[in-house]
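One-letter residues, chain by chain:
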Amino acid sequence: MLLHAINLFPAELGAVMGGKGCNSLVRAEKILTHIAYVGEASFMEILKEFQFPKSSLLNLLNVMVDCGFLIKSERNQYALGIKNYELGCQALHRKNIFEITKRPMQELSLKSGLVCHLGAMESFSAIYLDKVESPNSVPTRKSWIGKTLELHITALGKALLAWKSQEEIDYFLNALVLKGYTENTITEMSVFREELRKTRLRGWAIDNEESTYGAVCLSMPVFNMYNRVNYAISLSGDPAVYSGKNVNSYLKLLRKCAGQVSYGLGYRNENEYLRKGN
């Protein structure tokens, strides 16, 4: 693998033994990240970008091609090899979703003092996969792991729906009955479609006492390596908690948690995640 590249730089091998790191591996990572961004690059383009020694760069690129991390086209352009995909998939498949969400959710609940939920789609509903309560949060029996939720009255449901394709949204909405529970519940399909559009535009969803009085919930989507949303994270509290400027501080904590989980699932397109309305 890329460790073979160490043999190309004897001086750097000494640095590794001295605990100072390995320049060749650092260089390889920089090259892979750059090519992932630009799509493909020639030797001279890579040389211009990083100013690495010519002979060392050529040797390193050859090793990366031999290992399958890069492929070299007939036009002498370097592109990412399938090996990156294979290793990435193996790493993700060996990870349990709860291994990824455990620490970020605990931190979110502790810092916010609120109840934190992890949700996913199940048929035409959302379902709680996990729940974390802060020592400072008010214990509640209104939510539990495995509880199913209607999509149109919950922040989790809106977050899970809003980032799907228009065809998928149409498919789900055609099967939904927008039953009313409070005076805030959205019961008109055209209004709910607009709510999903606004949700995606601002980057977060809200249940403003739409499922029950006395409960407000904020939620953000979690992205995977394919830019798909299969999970969402939420924070629940009473209306007073979210009054005034408090909402922004909770959204900041929620955004950090959703970003950490997305990163754990292989998501790397940070600009796309932060860009509103995408």
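Sequence order as written defines residue numbering, which begins from 1 separately in each chain. Totals for whole chains, interfaces and linings use all residues, but because this is a predicted model, local features are given only for residues with pLDDT of at least 70 and pairs of side-chain atoms are given and counted only at 80 or more. To get the side-chain values, all heavy atoms of the structure are used, and hydrogens and water are removed first.

Per an unreviewed UniProt entry, the recorded name for the chain is Putative transcriptional regulator, and the organism is Sodalis praecaptivus.

1. Let's talk about the overall build of the chain
As a reminder, the rule being used: Each helix is a run of H or I in the DSSP string that is no shorter than four residues. Each strand is a run of E no shorter than two, and both are numbered from the N terminus. Working definition: with a 1.4 Å probe on protein chains only, accessible area under 20% of the residue-type maximum means buried, over 50% means exposed, and in between means partly exposed. Whether two residues are in contact is decided by their heavy atoms, any of which lying within 4.5 Å being enough. Note that accessible areas follow from Shrake-Rupley with a 1.4 Å probe, and for residues the cover is restricted to the protein chains shown.
For the chain, the helix and strand inventory stands at eleven helices and nine strands. For the chain, the proportion of its 278 residues judged to be buried stands at 44%. For the chain, the share of sequence-separated contacts (at least 6 apart) that also reach a separation of at least 24 residues comes to 58%. Total accessible area computed for the chain in this model is approximately 15,300 Å², and 53% of it derives from carbon and sulfur atoms.

2. Describing unusual backbone geometry
Note: most peptide bonds trans; most residues except glycine with negative phi. One non-glycine residue, Gln51, adopts positive backbone phi at about 60°. Assignment of secondary structure puts Gln51 in the loop between helix H3 (43–50) and helix H4 (54–67). Look at Asn76: it is not a glycine, yet its phi comes out positive at around 60°. Tracing the backbone through its elements, the reader meets Asn76 in the loop between strand S2 (70–72) and strand S3 (77–80).

3. Notes on the nonpolar core
Note the cut-off: Residues grouped as a nonpolar core are buried Ala, Val, Leu, Ile, Met, Phe, Trp, Tyr and Cys residues, joined through side-chain atoms within 4.5 Å.
Counting 25 residues, the largest nonpolar core has Leu161, Leu173, Leu176, Phe192 and Leu196 as the members making the most contacts within it. Mapped by element, the contributors of at least two residues to this core are strand S5 (125–132), helix H7 (155–162), helix H8 (166–173), helix H9 (189–202), strand S8 (216–223) and strand S9 (229–237). Top element by residues in this core is H7. It accounts for six residues. Once residues lying within four places of it in the same chain are set aside, the contact partners of Leu161 are Met121, Leu151, Ile169, Phe172, Leu173, Leu176, Phe192 and Leu196. Counting 24 residues, the second-largest nonpolar core is a separate cluster that includes Ile97, Leu114, Tyr242 and Ala258.

4. As for the pattern of salt bridges
As a reminder, the rule being used: Here a salt bridge means any side-chain nitrogen of Lys or Arg lying within 4 Å of a carboxyl oxygen belonging to Asp or Glu.
The full count for this structure, using the stated rule, is nine salt bridges. A single network of salt bridges, built from pairs that share partners, joins Lys158, Glu195, Arg202 and Glu210.

5. Examining the sheet that holds strand S7 (residues 205–208)
Which entries qualify depends on this criterion: A pair of strands counts as paired when DSSP detects no fewer than two bridges linking them. Interaxial angles span 0 to 180 degrees and are taken between N-to-C directions of axes, which are lines fitted to C-alpha atoms, for helices over the stretch in contact.
Reading across the sheet, the six strands line up as S6-S5-S4-S9-S8-S7 and stay open at both edges, with antiparallel pairing between neighbours. At either end of the open sheet lies a strand with only one pairing partner, and these are strand S6 (148–150) and S7. This sheet shows a mean twist of 30° between the axes of neighbouring strands, independent of strand direction. With six bridges connecting them, strand S4 (residues 115–122) and S9 associate as antiparallel partners.

6. So, the state of the cysteines
Heads up, the rule is: In plain terms, two cysteine sulfur atoms within 2.5 Å form what is called a disulfide here.
On inspection of all chains with the given rule, the structure shows zero disulfides. With no disulfide partner, Cys116 has as its closest neighbouring cysteine sulfur the one in Cys257, 5.2 Å distant. Cys217 takes part in no disulfide bond, and the closest cysteine sulfur, belonging to Cys116, lies 9.3 Å away.

7. Re the packing of aromatic side chains
Using the following cut-off: For this analysis, a ring pair means two rings from Phe, Tyr or Trp (six-membered ring only for Trp) whose centres lie within 6.5 Å, classed as stacked if their planes differ by under 30 degrees, edge-to-face if by over 60, and tilted for the remaining angles. The criterion for a charge sitting over a ring is simple: Lys NZ or Arg CZ within 6 Å of the ring centre, and within 35 degrees of the ring normal.
Inspection of every chain in the model, using the stated rule, returns six aromatic pairs. On the basis of an interplanar angle of 75° and a centroid distance of 5.7 Å, the ring pair of Phe124 and Phe172 is categorised as edge-to-face. Within this pair, whereas Phe124 is found in the loop between S4 and S5, its partner Phe172 is found in helix H8, the two being separated by 48 residues in sequence. Geometrically, the ring pair formed by Phe223 and Tyr267 is stacked, given 5.0 Å between the ring centres and 25° between the ring planes. Within this pair, whereas Phe223 is found in strand S8, its partner Tyr267 is found in the loop between helix H10 (246–264) and helix H11 (270–274), the two being separated by 44 residues in sequence. By relative accessible area, Phe223 is classed as buried at 6%. An aromatic cluster is defined as three or more aromatic residues linked by ring pairs; in this entry it consists of Phe124, Tyr171 and Phe172. Cation over ring: Arg27 sits above Phe52, and NZ or CZ is 5.0 Å from the ring centre.

8. A closer look at H4
Going by this rule: Under the convention used throughout, the expected extent of a helix is 1.5 Å for every residue step, that is, one less than its residue count. Arc, as used here, means the arc of the directions from the helix axis to the C-beta atoms.
Taking 1.5 Å per residue, 14 residues should reach 20 Å; H4 reaches 20 Å between its end C-alpha atoms and fits that length. Burial in H4 covers these residues: Ser56, Leu57, Leu60, Leu61, Val63, Met64 and Cys67. One face of H4 carries all of its buried residues, which in axial projection span an arc of 160°. Opposite the buried face of H4, by more than 90 degrees, sit the exposed residues Lys54, Ser55 and Asp66.

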